[in-house]
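# Reading the structure
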Amino acid sequence: MYLNYFGLQTEPFSIAPDPQFLYMSERHQEALAHLSYGLQGSGGFILLTGEVGTGKTTVSRALLEQLPEATRTAFILNPMLNETELLATLCDEFGIRYAKRNITNKRLTDKLQEFLLTAHAAGEQCVVLIDEAQHLRPQVLEQLRLLTNLETNQHKLLRVILIGQPELQDLLRRRELRQLAQRITARYHLLPLQAADTQRYINYRLQVAGAQRELFDNAALKLVHYYSEGIPRRLNLLCDRALLAAYNDQVQVVGKAQVKAAARELDVTPSPTPRRTSIALVATVVIALVGTAALSWWLNSSAATANTRAVAQPVTIASAQQPLQSLLRAWQLPQPPAEVELCRWLEEYQLGCVQGRLRFDRIKALNLPVLLQLQDGGWQAVTTDTATPNANWTGEFLAVFPLPPGYQLSSADTYQHWLSEQLRPTTAQQQDSLAELVTALQQQHGLPVSGELDGLTLAWLTSHHTDFGPRLAAQQEQQ
């Protein structure tokens, strides 16, 4: 209806997965890198999770487009199957002929094993992709694990990609599935878009649709992100209705009034609390530290590696319920499950955390939302640059930061290149060791001088040299 009015050639915000409108944000690209690495490894299972509408299908389609031609794929879009139905579906997807009468699990398994061995001998890789995998029964997951037992000395003959909502992670924590969970060699949780990516997403889709000018003003873009919470499916619905409202109002640019009208029509309101809750939480804080190298790391193939260690003070839901929820909300994270180590859990979301003692002005210089520990054992959340510490603050803090690009991949090339670009400007001497470079950086920016690429230094680097995640100065509610 509004296409001619705005000079568009096609609908820019259709929720259909049209490949020409594929926008790969930084997080989508990182998810794709993790999954691609998983397919190249020797493991059997790859895991992709995310809330409804965050773009899991987008990532999986991009992954399948990158697969080599010598790849046989099987899609399972309806996971509500029993073990026999699963095996029969796999045979159907791979084009394996079998007798329809007197089907048994053993006969179907033998057929699949024969097919996998033949494919391997022909140099082909076999991949199974299961969507909505949170609905899989534990017995079916165990059957999949047994199928991946077939292997050579170097490779699994079958790779399984599990795609699902966050409940899939809870399912895989069950004791009877611990063997399967240990075989997951690559996992990624896709978070909603951040504000900057939301704007790029909207403008990209408009340009593909033929827009010759900007159709949303800055205030409208911020408000769309606020209402949608960065979830692409919500973005599409809101932007489509906002354009329709602008057409009805006969205005040339979508403003806040049209976005608010679209939100009312769709009955969209931001979630006041994280989407998932738990009854109890005992979260042990783990410090993310990065090892050091003795020589200049760009002269050799070594790269800094991460280590974690537990600290004594646990963060309990009784002492940190509201502050912790504020921190999680800033990162658009769900509530952690019960009895989980907080920082170890954050690694599933490609985040690190660091705890220490620092002056408040130096903490603010990190420009990251933090928790401040209080003398009574409680915590204070600091999510804006105007906040001040309580009078009974101990000086201890906990900060969450985005892990650098390529940090969790076994191939260190991406991470090493990123680190090189960030540390090179700190000194004019190109042959300085890593310790000298880090010391120069710490001295320039008022960080504790350790000469080591510790968690605090890495948090400062990622805060100032990556776009992902919230910052203190950006945590302002849209009006």
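Treat the numbers as computed from the prediction; the structure is a model and nothing was measured.

What counts and how
- Residues numbered from 1 in each chain as written.
- Predicted model: local features only at pLDDT ≥ 70, side-chain atom pairs only at ≥ 80, totals over all residues.
- Heavy atoms only, no water.
- Helix = DSSP H or I, 4+ residues; strand = E, 2+ residues; numbered from the N terminus.
- Buried < 20%, exposed > 50% of the residue type's maximum accessible area, 1.4 Å probe, protein only.
- Contact = heavy atoms within 4.5 Å.
- Areas by Shrake-Rupley, 256 points an atom, 1.4 Å probe, with all protein chains shown as cover.
- pLDDT = per-residue confidence, 0-100.
- Pairing = 2+ DSSP bridges.
- Axes fitted to C-alpha atoms, helices over the stretch in contact; angles between N-to-C directions.
- Expected span 1.5 Å × (residues − 1).
- Polar contact = N/O pair within 3.5 Å; in protein donor to acceptor, adjacent residues only side chain to side chain.
- Phe/Tyr/Trp six-rings, centres within 6.5 Å; stacked < 30°, edge-to-face > 60°.
- Parallel < 35°, antiparallel > 145°, perpendicular 65-115°, else oblique.
- Left-handed = near helix turned anticlockwise from the far one by under 90°.
- Nonpolar A, V, L, I, M, F, W, Y, C, P; charged D, E, K, R; others polar.
- Salt bridge = Lys/Arg side-chain N within 4 Å of Asp/Glu carboxyl O.

Looking now at the overall build of the chain. Scanning the chain from terminus to terminus reveals 18 helices and 11 strands. Among the 479 residues that make up the chain, the fraction classed as buried is 52%. A fraction of 74% describes how many contacts in the chain between residues 6 or more apart in sequence connect residues 24 or more apart. Carbon and sulfur atoms make up 48% of the accessible area of the chain, which totals about 21900 Å².

All right, on to the confidence of the model for the chain then. Looking at the chain as a whole, its pLDDT mean stands at 79, while 83% of the residues score no less than 70. This model gives residues 273-314 a pLDDT under 50, and the stretch forms 133 contacts once residues within four places in sequence are excluded.

Read from one edge of the open sheet, 4 strands run β8-β11-β9-β10, paired in antiparallel fashion. In this open sheet, the two strands that pair with only one neighbour each are β8 (351-357) and β10 (379-382). Ignoring which end each strand starts from, the neighbouring axes of this sheet average 20° apart. As paired strands, strand β9 (residues 370-374) and strand β11 (residues 393-402) are joined by 4 bridges and run antiparallel to one another. Looking across to β11, one finds that Leu371 is bridged to Leu398. Across the sheet, helix α18 (residues 455-465) lies against β8 and β11, angled at about 55° from β11, the strand it touches most.

Okay, helix α9 (residues 195-208) next. The first and last C-alpha atoms of α9 sit 20 Å apart over 14 residues, in line with the 20 Å expected at 1.5 Å per residue. Looking at α9, one finds that the buried residues are Asp197, Thr198, Tyr201, Ile202, Arg205 and Leu206. At the exit of α9 stands Gly210, carrying a positive phi of roughly 105°.

On to the side chain of Gln194, then. With respect to the element layout, Gln194 can be found in the loop between β5 (184-190) and α9. Residue Gln194 is classed as buried on the basis of its relative accessible area of 14%. Sequence-distant contacts of Gln194, that is, excluding residues within four places in its chain, are made with His225, Gln332, Phe468, Gly469 and Pro470.

This paragraph deals with the side chain of Arg27. Mapped onto the elements of the fold, Arg27 is located in helix α2 (residues 26-40). Polar side-chain contacts of Arg27 include one of 3.4 Å to the side chain of Tyr188. Apart from residues no more than four positions distant in its own chain, Arg27 is found in contact with Tyr188, His189, Leu190, Leu191, Tyr349, Gln350 and Phe468.

Quick look at the packing of aromatic side chains now. Applying the stated criterion across every chain, the model contains 9 aromatic pairs. Taken together, a centroid distance of 4.9 Å and an interplanar angle of 85° make the contact between Tyr5 and Phe6 edge-to-face. Residue Phe6 is classed as buried on the basis of its relative accessible area of 5%. Between the aromatic rings of Tyr5 and Tyr247, the centroid separation amounts to 5.4 Å while the plane-to-plane angle is 80°, which identifies the pairing as edge-to-face. Of the two residues, Tyr5 sits in helix α1 (residues 3-6) while Tyr247 sits in helix α11 (residues 232-249), which places them 242 residues apart along the sequence.

Where helix α10 (residues 218-228) meets α11, the closest approach of the two axes is 9 Å, and the angle between their N-to-C directions is 130°. Taken together, the axes of α10 and α11 lie oblique to each other. As for the relative orientation of α10 and α11, their crossing is right-handed in sense. Taking contact as the criterion, the partners of Val224, Tyr227 and Ser228 in α10 are, on α11, Arg234, Leu235, Leu238 and Cys239. Partitioning the contact of α10 with α11 into residue classes produces 5 nonpolar, 1 polar and 1 charged.

Enumeration according to the criterion identifies 13 salt bridges in this entry. For the salt bridge of Glu30 with Arg27, the shortest nitrogen-to-oxygen distance reads 3.6 Å. Placement of the pair is Glu30 and Arg27 together in helix α2, with a separation of 3 residues, close to one helical turn. You can call Arg27 buried: its relative accessible area is 5%. The closest approach of N and O atoms between Asp110 and Lys106, which form a salt bridge, is 2.8 Å. You can see Asp110 and its partner Lys106 sitting in helix α5 (residues 105-121), 4 residues apart, about one turn around the helix. The structure contains a network of salt bridges with shared partners spanning Arg359, Asp361 and Arg362.

What follows concerns the environment of Leu221. As for its placement among the helices and strands, Leu221 is situated in helix α10. A relative accessible area of 3% means that Leu221 is categorised as buried. Separated by 25 residues in sequence, Leu221 and Ala196 have C-alpha atoms that sit 9.6 Å apart. Once you skip the residues sitting within four places of it in the chain, Leu221 turns out to touch Gln199, Ile202 and Phe216.

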